[in-house]
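Structural features, examined
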Amino acid sequence: MALQLSPELRQRFQQLKQRYPSLRSALIPMLLYAQDEIGYVSDDLISYLAEELNLRRVQVEETVLYYSMLRRKPAGRFHLQVCTNVACLLRGAKPILEHVRQRCGGPPKTPTPDGIFSFEEVECLGACTGAPAMQVNYDYYENLTVPQVEQLMTQLRAGKKPAPVPHISGVQFQPHPAEVRVISRRFGLPDSTSLDTYLKHDGYQALDKALKQMTPEQIIEEVKRSNLRGRGGAGFPAGMKWSFVPKDTSKPKYIIANADESEPGTCKDRPLMELDPHQLIEGMLIAGRAVNAHQGFIYVRGEYRYVLEILERAVTEAYERAYLGKNILGSGFDFDLVVHTGAGAYECGEESALMESLEGKRGYPRIRPPFPAVVGLYGCPTVINNVETLSSVPSIILKGGEWYANLGTPKNGGTRLFCISGHVNRPGLYELPMGFPLRRMIEEVAGGMRNGKKCKAVIPGGSSVPVLTADQLDTPMDFDSVAKAGSMLGSGGVMVMDEDTCMVEVAQRIMHFYAHESCGWCIPCREGTTWLRKMLDRFHAGGRVEDIRQIGELARNMLGKTFCPLGDAAAMPTISIVDKFRDEFEEHLRSGECPSARSPAGVAH
Amino acid sequence: MASILREMGETAVTLAKGFSVTLRTLFRPTVTENYPDEPVRFEARYRGIHVLHRDESGLEKCVACFLCAAACPVQCIYIEADENTAERRISASERYAKVYNIDYSRCIFCGYCVEACPTDAITHGHGFELATYNIADMVYRKEQLLAQALKPPRT
Amino acid sequence: MGDEQKTVPLSVDGRSIEAPPGTLLIEACKSVGIEVPSFCYYPGLSLQAACRMCLVEIEKTPKLQTACTVIVQPGMVVRTSTPQVHAARKAMLEFLLTNHPLDCPVCDKGGECELQDMVFRYGAAESRFAEEKEHQPEQRFSSVVYFDYPRCILCFRCVRVCDEAMDVKALGVGQRGVRSTIIPNRPDGTLECEECGMCIDICPVGALTSHQYRYKTRPWEMKYVGTPCAHCGDGCKTTLNIRNNQILRGNNRDKTGINGEFLCIKGRYGGDFVHHPERLRQPLVRRHGRLEPATWEEGLDLVAHRLKEITVSAGPDRIGFLGSNRTTNEENYLLQRFARTVIGTNNIDHHRTADYAALVAALGGDTTAFAASGDLARTAAILLIGSDPTHNHPLLAYNIRAAGRLHDARLYVINAREIKLRRQADRFVQVPAGQEAAAVEALLGAAPDLPPDARQELDKVRAALEKESDVIVLFGAEMWGRGVKRLVEFGQKLAGKTRYIALGDYANSRGAADMGVLPDLLPGYGPLTDATLRKKWEQLWNSSLPATPGLNARQMFEPGRLRGLYVVGANPVKTFKLAHTRDGLGAPELLVVQELFLTETAQLADVVLPAASAYEKDGTLTNTCGELQRLRRPLEPVGARSDFEILRLLSYALGKPIPWRTPEAAFEEIRQQVPGYQVSLASLLVGEATRTAPGDGRHADKAAETSPGLIFSSDDSLFTSGTLGRFSEMLNSVPERKLPRSQL
């Protein structure tokens with residue numbers, strides 16, 4: 001059976017094959033685009049791509065099987081992907097999943113008999129401020145209720161596709177008074193993605209300044225002065241990271257924007273790219289100038305297909321107007337930018353795994369040292385920063401590092417785009433200065449707790465960090481203060497839980513996520529997450545006394561022993577929930593069932 | 001004279017003493033077993049000729065792991081393993097003992113093989129009649145050691 | 001920069017130790033006997049740091065560190081046996097066992113399983129895992145390889161050895177997380193590969209098992225005999241695992257011998273030809289046109305009688321001997337002495353698969369220019385002309401790949417075919433078939449008739465080689481006679497040291513030539529025409545030697561040349577592609593064959609004498625690089641006799657007894673008399689390979705005189721091995737054997 005591919009797809013393949021320094025890098029985008037056309041990754045497609053890219057068949061197969069968006073079997077015409085991760089769980093994702101499951105019948109990822117639908121329970125889609133959310137193929141539908149889902153399915157079946165959300169729900173076009181808008185200041189402008197709008201609002205002025213008035217050393221110095229710390233989660237000072245790149249090397253250097261936003265509770269990179277793509281491009285250009293790199297990549301998670309298209313349009317526009325390409329702004333500086341798609345893997349948000357993935361391989365993390373700044377993408381020095389970090393760079397260059405630093409607290413410069421989700425009245429994205437108190441964030445900015453309930457716990461920085469309890473709400477939200485409170489600021493995904501929330505269920509859902517996303521490289525993470533998942537599943541339905549201690553012990557056995565931070569990310573919230581909410585675990589034992597099951601306001605019931 | 005009488009008296013007493021034992025024992029239960037006319041009675045833990053057991057579905061419990069042979073201090077157990085097939089299933093696991101011999105001219109009935117067995121396939125039975133005129137007959141094959149199938153083995 | 005050569009001092013568990021700079025901590029610990037456990041770390045393969053078993057405490061680092069990735073630093077203080085480290089190991093093993101089935105009694109690996117050992121040493125006594133295990137049924141990847149998913153601990157050794165060491169990449173990793181699994185390369189879930197079994201050998205647990213060994217026995221029930229492999233010319237040491245006089249598998253887990261742990265399918269599983277039901281167990285004598293079983297006495301008497309008859313009636317030169325490139329040195333030495341003194345003819349030859357004689361002659365007595373197989377890993381550059389080592393010389397191909405991968409050696413390949421090693425080559429020059437010698441002329445600067453692009457490429461190869469400090473030249477049967485001479489001339493012009501390996505096909509191809517199973521050369525390549533040399537041997541053997549060179553192999557099959565043909569361990573009908581009739585062999589009236597099987601040639605014989613295989617006899621073999629190894633006689637022959645014994649008995653029957661009682665006695669004479677074989681007995685006896693280097697330069701002018709058609713390779717693939725391969729069930733069972741020569 002010969003492989004039938006459309007001329008458009010073949011043309012796209014040709015483009016993809018020429019885009020990367022290494023042929024294999026084109027593999028994942030080629031697979032994904034081919035799957036969009038054929039419906040799944042067939043044996044023939046694998047053989048074809050192996051030949052096209054000079055790979056062995058098993059190398060392609062390995063890659064396919066790693067990524068959750070790539071399927072080896074056909075799905076329905078509309079693939080309903082229901083997010084049930086914590087942020088969506090808190091706002092009622094389970095009934096939606098249950099409804100979809102019933103309407104589709106049959107097992108997940110299997111087409112209905114008429115071939116129209118298939119469904120899948122997926123991990124965080126990056127729509128936490130619009131929770132609960134669902135993706136139909138690549139289209140986002142947010143703030144859903146069961147009747148809305150029913151209506152959506154009826155319309156889809158009738159061939160009338162309702163319009164997906166134009167951009168992420170929860171983004172603020174009217175700033176809240178407490179907000180200090182730096183990177184989000186262009187949100188809400190009409191046609192904010194266009195180059196003209198961008199130029200009208202300080203666009204590419206920072207680049208001009210960086211190219212014409214500053215030396216690379218000065219740029220790095222300015223960023224160091226700004227106290228800009230990595231917005232991806234670890235909070236490493238960005239200027240420091242740039243200064244590690246060796247200056248005397250014959251190898252090419254690369255800039256990567258890590259847009260594989262997958263941390264549950266985090267959806268800040270999505271608006272930054274879909275509403276202000278040029279800000280990111282400018283940030284990357286400046287970073288490129290600072291470390292003398294001439295090639296950049298934006299690694300966008302596969303689910304953000306429409307964001308990728310916005311980015312690609314912006315890049316094309318920038319090339320047309322010579323903000324990318326050769327001799328930018330007449331300065332003699334060359335820079336090329338490629339927008340690359342992932343295919344569904346949380347692990348690829350880890351910088352070295354992202355580089356493996358960008359090289360077209362399975363997203364396994366790499367041994368460090370050497371660090372990416374010395375040996376990164378294709379074995380060359382590489383700077384890899386989060387989208388938010390890079391988006392902050394133009395303002396820093398334009399207005400000065402000191403100005404930016406002063407917006408925040410000492411050693412924690414600037415502002416942060418916080419994604420507040422969960423049981424609050426106004427979930428949303430708010431740009432707040434570093435060090436903004438958590439209590440004000442919930443009560444003032446996000447409009448307080450929903451239904452007048454009491455706050456029970458807050459996850460301050462995505463699901464990978466230990467939870468804070470209600471009596472820790474006065475913590476200022478900057479890296480150092482949150483660390484002092486025993487947690488981490490992480491990616492800025494603030495998930496607020498009210499008094500009816502079952503913390504065992506939260507722990508269970510978090511562990512489901514890590515067990516699903518563990519890459520399988522190292523033993524403690526691979527086996528530990530799954531063991532804990534199974535234990536928590538069992539415990540939630542009725543456990544043994546020794547289980548409580550054992551859950552904590554197993555998590556501690558993982559902590560600090562895994563190959564990459566994913567193991568710690570799974571262990572830390574678990575340990576904190578077991579420690580801080582031990583009474584809830586004991587309550588489960590006593591009653592033999594989930595106490596919140598009796599409460600109609602319970603998270604998932 | 002007196003000494004003779006005393007001697008007679010003592011003899012009578014001694015006889016009475018002796019016969020009283022006999023008399024007493026006459027009315028006690030018999031401990032002597034009339035082997036071979038009657039069957040021998042064993043204590044439960046008597047270590048006799050081994051028995052290879054079957055599981056509830058009639059399959060052999062032995063998976064030919066060789067641990068009994070390894071544990072045997074006199075190397076009297078010889079095994080050849082083979083693989084079960086879908087058509088011909090002998091044991092519940094992947095492998096089974098194609099050959100299982102115990103050389104009773106060497107076995108010391110120490111029970112280590114029973115201790116070592118991970119599947120409880122081998123135990124000591126109560127068989128003990130091993131005498132033979134030909135030493136080669138002392139090598140017992142699997143067929144001789146195997147417990148009778150309760151029902152025909154599943155095929 | 002002298003400081004860099006110094007060792008790095010560090011402290012491990014309170015002991016001050018030293019290690020060369022760049023050493024991995026785990027290796028430094030191992031070197032002083034401190035065991036740091038690991039699964040995924042494997043010397044020679046890329047680092048993985050995935051199993052987390054080697055976590056150790058290093059002072060001034062907050063977290064435990066993996067000893068397999070940390071490089072020793074001066075003053076480092078390491079602790080490998082603190083409670084924290086022990087707890088970590090215990091935790092890792094507990095994690096590993098969550099999904100690992102506890103079917104050790106059934107598992108083939110039980111008793112030699114690394115996981116079993118580690119749990120015994122470091123693990124917890126009880127399991128806390130109360131959940132359901134992931135299960136998938138066992139898969140048969142190929143006729144050799146079985147995969148049991150639940151047992152796999154995902155150390156990826158198999159995947160790495162297949163990709164990095166073998167350059168096959170037939171195994172990959174599928175799925176992710178706890179469902180990660182090893183996947184084979186074909187869409188239907190089976191393997192298409194070299195079937196080398198390295199993945200099975202390297203697997204620390206029983207996840208990958210071999211068909212041949214499956215559920216047969218247990219490791220402690222077998223005896224282990226390390227002996228040179230009987231198949232190709234590389235002479236790998238294979239440790240045969242034997243129970244009840246039966247080979248169950250081969251491996252080389254102790255990593256001794258020239259091959260380390262490497263073995264191909266032939267060395268690992270191809271020993272089963274010994275047990276083939278068609279093995280000859282008793283002599284066969286032709287009666288009434290049919291071969292019928294006979295006693296040894298009948299067979300030997302008949303042969304002696306007929307040989308004597310022909311010698312008396314027609315003269316010794318009407319009898320010819322075709323030797324073997326599998327029989328031992330002692331047997332070859334005995335055979336040529338038998339032919340030359342007992343019968344009195346120089347009509348002796350064998351199927352020559354490499355022109356060793358021409359190489360020895362061209363080197364003119366330089367005994368330092370022979371490279372051993374291990375030298376490949378330490379050279380700066382390798383030039384490969386002809387042959388396809390991946391198929392014909394798996395060990396040398398493995399070493400060539402390792403040279404590039406681990407030691408940055410350059411590889412230059414000149415070949416008529418797109419052989420697989422071109423993938424490792426810095427330069428690959430494809431020349432038309434038969435033009436390999438012309439390519440050498442081009443290297444020498446001549447302008448032979450070659451395609452222009454090939455000539456351009458060859459110029460670049462020459463330029464590159466001239467810059468190399470140390471070159472090993474390997475050449476196949478394509479290069480012979482004058483071609484070899486010219487190649488050596490080129491090698492001598494290079495700036496650096498140049499060494500050579502001639503690539504012959506079989507286990508003792510080299511030994512047959514070294515021992516003088518040639519019509520014109522005495523043992524050690526001494527020319528027969530040299531009267532003083534002849535005199536030496538005549539005195540030694542107390543017998544006169546015929547002075548004129550005899551018939552070569554091709555000439556012997558010419559019609560009417562011979563009245564008696566005596567074939568030892570060869571199948572000329574097949575190898576020389578002769579008609580399958582007596583006429584095809586030149587219509588001799590007597591045909592005697594010593595063989596393991598009833599080959600095409602044996603079927604035509606008057607008397608067939610069953611011979612013992614290399615695994616059933618004593619003696620020595622010389623591999624194609626000249627490395628001498630002793631056979632360890634792992635098995636006892638059943639019915640057959642060694643060729644040595646047969647020839648010796650015949651010498652008695654013919655009234656000219658050859659006095660050596662054992663191969664050892666013959667070897668002692670070889671060691672004293674054959675140039676280049678003055679080896680140390682000690683290293684030979686402990687099972688090491690000892691280099692030989694024949695160096696009789698007096699024959700230089702004859703080098704170009706090799707007649708055409710005498711040097712040719714059987715061009716076996718990985719799955720064929722002349723006669724032996726045809727009778728190996730394992731080699732016959734792999735589907736790849738039937739595919740066009742695979743270049744996976």
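Residues numbered from 1 in each chain as written. Chains lettered and ligands numbered in written order. Predicted model: local features only at pLDDT ≥ 70, side-chain atom pairs only at ≥ 80, totals over all residues.

Focus: the overall build of chain C
Selection criterion: Helix and strand definitions here come from DSSP, where helices need a minimum of 4 consecutive H or I residues and strands a minimum of 2 consecutive E residues; each element is numbered from the N-terminal end. With C-alpha atoms as the basis for the radius of gyration, the globule rule is written as 2.2 Å multiplied by the number of residues raised to the power 0.38. In this scheme the burial state of a residue depends on its C-beta neighbours within 10 Å: 20 or more other such atoms mean buried, 12 or fewer mean exposed, and anything in between means partly exposed; the C-beta positions come from the backbone. Once C-beta atoms have been placed from the backbone, residue pairs whose C-beta atoms lie within 7 Å are recorded as contacts.
Check the secondary structure of chain C and you find 24 helices and 30 strands. For 744 residues, the compact-globule formula gives about 27 Å, and the C-alpha radius of gyration of chain C, at 28 Å, lands near that figure. Dimensions of chain C along its principal axes, counting C-alpha atoms only, are 90 × 60 × 50 Å. Going through the 744 residues of chain C one by one, you find that 58% of them count as buried. Of all intrachain contacts in chain C linking residues separated by at least 6 positions in sequence, the fraction that spans at least 24 positions is 69%.

Digging into the domain arrangement of chain C
One widely used convention gives an interface's size as the accessible area the parts lose upon coming together. Residues and elements named next belong to chain C. Condition: Here the limits of each domain have been adopted from an automatic or database domain assignment. By the convention adopted, Pro, Cys, Tyr, Trp, Phe, Met, Ile, Leu, Val and Ala count as nonpolar, Lys, Arg, Asp and Glu as charged, and the other residues, Gly among them, as polar.
One can read the domain layout of chain C as domain 1 (2-81), domain 2 (103-275), domain 3 (306-351 + 516-717) and domain 4 (356-503). Computed from C-alpha coordinates alone, the two centres of domain 1 and domain 2 are separated by 28 Å. Contacts between the two partners involve 10 residues from domain 1, matched on the other side by 13 residues from domain 2. Taken together, the residues of the side of domain 1 that touches domain 2 break down into 7 nonpolar, 3 polar and no charged.

Describing the packing of helix α20 (residues 503-517) of chain A against helix α21 (residues 523-540) of chain A
All names here are of chain A. To be explicit about the condition: Only the stretch in contact is used when a helix axis is fitted, and all axes are lines through C-alpha atoms; the angle between N-to-C directions ranges over 0 to 180 degrees. Note that the term roughly parallel is reserved for angles under 35 degrees, roughly antiparallel for angles over 145, roughly perpendicular for angles of 65 to 115, and oblique for everything else. What makes a crossing left-handed is the near helix being turned counterclockwise from the far one by less than a right angle; a clockwise turn instead makes it right-handed.
Two numbers describe how α20 lies on α21: the axes approach to 9 Å, and their chain directions differ by 150 degrees. Taken together, the axis directions place α20 and α21 in an arrangement best described as roughly antiparallel. Pair α20 / α21 crosses with left-handed handedness. Along the contact surface, α20 presents V504, E505, A507, Q508, M511, H512, Y514 and A515, while α21 presents T529, T530, L532, R533, L536, D537, F539 and H540. Taken together, the residues of the contact of α20 with α21 break down into 8 nonpolar, 5 polar and 3 charged.

Examining the interface of chain C and chain B
Contact with chain C, which involves 10 residues of that partner, is made by 13 residues of chain B. Partitioned by chemical class, the residues of the side of chain C that touches chain B number 4 nonpolar, 2 polar and 4 charged.

Some details on the domain arrangement of chain B
Under the domain assignment used here, chain B contains domain 1 (1-31) and domain 2 (49-145). Each of domain 1 of chain B and domain 2 of chain B was reduced to a C-alpha centroid, and the two centroids are 55 Å apart.

Regarding the sheet that holds strand β4 (residues 65-66) of chain C
Two strands in a sheet stick together by hydrogen bonds in their backbones, pointing the same way (parallel) or opposite ways (antiparallel). Residues and elements named next belong to chain C. Put simply, the rule is: For two strands to be treated as a pair, DSSP must find no fewer than two bridges joining them.
Overall, mixed pairing links the 5 strands, which are arranged β2-β1-β5-β3-β4 in an open sheet. Looking along the sheet, the strands with just one partner apiece sit at the ends: β2 (15-19) and β4. Strands β3 (55-58) and β5 (77-79) of the sheet are contacted by helix α2 (residues 83-99), whose axis makes an angle of about 160 degrees with β3.

A few points about the interface of chain C and chain A
Between chain C and chain A, the residue contacts involve 33 residues of the former and 33 residues of the latter. Broken down by element, the residue count for the side of chain C that touches chain A peaks at 7 residues, all from α2(C). Of the residues assigned to the side of chain C that touches chain A, the class counts are 18 nonpolar, 9 polar and 6 charged.

Concerning the nonpolar core
Our working rule: Each nonpolar core comprises buried Ala, Val, Leu, Ile, Met, Phe, Trp, Tyr and Cys residues, the members being joined through C-beta atoms within 7 Å.
By size, the foremost hydrophobic cluster in this structure holds 430 residues, and its most contacted members are M441(A), V458(A) and I382(C). In contact with V458(A), other than residues within four places in its own chain, are L438(A), V467(A), L468(A), V494(A), M495(A), V496(A) and M497(A). Counting residues in each nonpolar core, the second largest holds 27 residues, with C76(B), I79(B), C117(B) and C104(C) among its members.

Digging into the packing of α20(A) against helix α23 (residues 565-580) of chain A
All names here are of chain A. It is at 10 Å that the axes of α20 and α23 come closest, and there the two elements cross at 175 degrees. Considered as vectors, α20 and α23 are oriented roughly antiparallel to each other. Touching M503, V506, A507, I510, M511 and Y514 of α20 are L566, A569, A570, P573, T574 and I577, all from α23. When the residues that make up the contact of α20 with α23 are grouped by side-chain class, the tally is 11 nonpolar, 1 polar and no charged.

A short note on helix α16 (residues 387-399) of chain A
All names here are of chain A. The buried fraction of α16 is high, at 11 of 13 residues. Those residues of α16 lying buried are V387, E388, T389, L390, S391, S392, V393, P394, S395, I396 and I397. Remark: G400 follows α16 within two positions and exhibits a positive phi of approximately 100 degrees.

Side note on helix α13 (residues 452-466) of chain C
Residue and element names in this part refer to chain C. The following threshold applies: Expected span, for any helix, means 1.5 Å times one less than how many residues it has. Here the arc refers to the directions that run from the helix axis out to each C-beta atom.
Between its first and last C-alpha atoms α13 spans 21 Å; for 15 residues at 1.5 Å apiece the expected length is 21 Å, and the two agree. Here α13 has its buried residues at E457, L458, V461 and L465. Seen along its axis, α13 keeps its buried residues to an arc of 105 degrees; they face one direction. Summarising the geometry of α13, the exposed residues directed more than 90 degrees from the buried face are P452, A463 and E466. Lining the buried residues of α13 we find β18 (381-385), β19 (410-415), β20 (427-430), α12 (436-443) and β21 (470-475).

Some points on unusual backbone geometry
The omega angle of the peptide bond from A131(A) to P132(A) is -5 degrees, so this bond is cis rather than trans. Here P132(A) lies in the loop between β2 (117-122) and β3 (134-136). With an omega dihedral of -5 degrees, the bond running from R368(A) to P369(A) counts as a cis peptide bond. As for its position among the elements, P369(A) is in the loop between α15 (351-358) and β9 (382-386). One non-glycine residue, D13(C), adopts positive backbone phi at about 50 degrees. Considering the arrangement of structural elements, one finds D13(C) in the loop between β1 (8-12) and β2. A residue is classified by how many C-beta atoms lie within 10 Å of it, and D13(C), with 16 of them, is partly exposed. Its identity as a non-glycine residue notwithstanding, K60(C) has a phi of 75 degrees, on the positive side.

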